[in-house]
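Each chain is listed here by its residues.
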Amino acid sequence: MTVAFKIHAGDNVATLLADAAPGCRIELRGEAGGVLPVNERVALGHKVAIAAIETGAQVVKFGIPIGSATAPIAPGDWVHLHNCASGFDERSGGFDVVTGAGKDVAYD
Amino acid sequence: MTEPFNREWSGWLRSDGRKGVRNLVLVIYTVQCAAHVAHAIAAGEEDVQVIGFPGCYDNQYAIRLVLSLARHPNVGAVLSVGLGCEYTQPARIAEAVARSGRPSDAFFIQDVGGTRSSTDKGKAIVRSLRERIGRETPRVPMGFADLTLGAECGGSDGTSGLVGNPAVGRLFDRVVDAGGSAICEEIVEMIGLREVILARAVNDRARGELAAAYAKAERYCREVRQYSVSPGNFAGGLTTIEEKSMGAFAKSGSRPIQGVIKVGEAPPWPGMWVMDSVPDEHFMQFGYTNPNDTEGIMDLISGGSQIVLFVTGRGSVIGSPVAPLVKVTGNSRTFARMREDMDFDAGRVLAGEMTLDVCADELGAMVADVAAGLPSKPEALGHREYFVMYKHQDTPDLDRGCRSAA
């Protein structure tokens, strides 16, 4: 079973140690235990929500806020550029969710 | 102290008391116009490496950086080569190096002739310098207490903060406990961690230095709208600068932070140090802080790091001059794919094959092997990427005693 690692007791996300497919159940390790179904494809190194996170609420990893939710997030959802934005970087929210490339600079 | 942190090997003793793990002749060009000749001089020559400053106009920051590399513990001798019309003066570099007890030489290409005659003259000089430092430099016992290690991360992914950087952090704890020094820079990758960083300060003085450096970095990033997180990081699973910062800061381990040093400055006493590589207030412009991994690695070397650890989840193919680069990944898939370039697979911790403590011990053994002369992968492949740029930092205060990297 694919493993996801919860680093700090206060975290509401866990990091995938291998790719997970939609509907796939992942085993939580680190500061959490149990099994959680993932709702969509989540790649190695990416984060999955292990609790519900309301719009505007903090996304917590390593025990610190790494950004805030820009859309409602359910347990098992992929947490990334499409639903989490930095509290510092004003370009955050303008990146392509798959490639990570900026969408705010014109190339023509 | 346990294996491998009680290991000893032979180092090269410099006149300032620092010890090198290599005994190199460094060719330094003083303007881009002299770059080809400098590289032609070093081509095919064992233990001869090149760095250079591309600009014609000199600048105190760049000169301080170049001199800290010229008088680095791994460097035994210097040849400085200029074209002949630039502001930056090869002869003055050679004089400063000579004052540090190292043999040195310098010439202008325009005085010697052209490409071939300058290359021939340069080759004769570096061969003579190499022979002399091989004969004259004292070999002395060296251990972890004599080491300053630097750590940089680049091409980070979700594994870097989970295990790649924590493995280096655990190694740094061991090195500090053994009486050595460790340096992290990348203050722009501490954005979002103000309280976390200040809590690590050894005392109020260090806390004040960290607070000032943090505030400057945050202001810099805000003003130039440039945060140190890239599309590759996003694709690797990192979502925000705060998340990347926390992973990056794990490189610093858990020991108290002694204070902040600037580029070109060596730690004034042993322990864990943070290097400020952000331009000072009146020179904040886009692209001047950590424009690429090589720039950060050069900064760490300028602080006297004899070996630099480079943590890269996604993989990288760079090396460094002056100090060997040891490439660590927390992603076993990256290690398998880029085995010829990557030195160490910390992803085995994630696979449950080893603990972080065992991983740090194994990494420490690799550092000791490289210090004893075993080439790291980038070294063996011939990677010697360098980057010396214009930036501005005010000259550091000298109120903490022996602060100059000279």
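Residues numbered from 1 in each chain as written. Chains lettered and ligands numbered in written order. Predicted model: local features only at pLDDT ≥ 70, side-chain atom pairs only at ≥ 80, totals over all residues.

Novice: Which residues make up the sheet that holds strand β9 (residues 84–85) of chain A, and what values do they have?
Specialist: Residue and element names in this part refer to chain A. Sheet architecture is open: three strands sit in the order β6-β7-β9, paired in antiparallel fashion. Each edge of the open sheet is held by one strand with a lone partner, namely β6 (58–61) and β9. Where strand β7 (residues 64–69) lies against β9, two bridges are found, and the strand directions are antiparallel. Counterpart to Ser68 in the pairing with β9 is Ala85. (Pairing = 2+ DSSP bridges. Helix = DSSP H or I, 4+ residues; strand = E, 2+ residues; numbered from the N terminus.)

Novice: Mind laying out the domain arrangement of chain B, listing which residues take part and the relevant values?
Specialist: All names here are of chain B. Taken domain by domain, chain B comprises domain 1 (24–136) and domain 2 (144–381). Here the C-alpha centroids of domain 1 and domain 2 sit 29 Å apart. The interface of domain 1 with domain 2 comprises 13 residues on the first partner and nine residues on the second. Mapped onto the side of domain 1 that touches domain 2, the elements with two or more residues apiece are β3 (24–29), β4 (48–52) and α2 (60–70). It is α2 that provides the largest number of residues to the side of domain 1 that touches domain 2, a total of four residues. (Domains from an automatic or database assignment. Contact = placed C-beta atoms within 7 Å.)

Novice: Describe the interface of chain B and chain A, with residues and values.
Specialist: Contacts between the two partners involve 26 residues from chain B, matched on the other side by 29 residues from chain A. Across the side of chain B that touches chain A, the residue classes break down as 12 nonpolar, 10 polar and four charged. (Nonpolar A, V, L, I, M, F, W, Y, C, P; charged D, E, K, R; others polar.)

Novice: Go over the sheet that holds strand β5 (residues 47–49) of chain A with me, naming the residues and quoting the values.
Specialist: Residues and elements named next belong to chain A. Within the open sheet, the six strands sit side by side as β4-β3-β1-β2-β5-β8. Their pairing is mixed. Each edge of the open sheet is held by one strand with a lone partner, namely β4 (35–37) and β8 (78–79). Pairing of strand β3 (residues 25–30) with β4 involves three bridges; the strand directions are antiparallel. Bridge pairing links Arg25 to Pro37 in β4.

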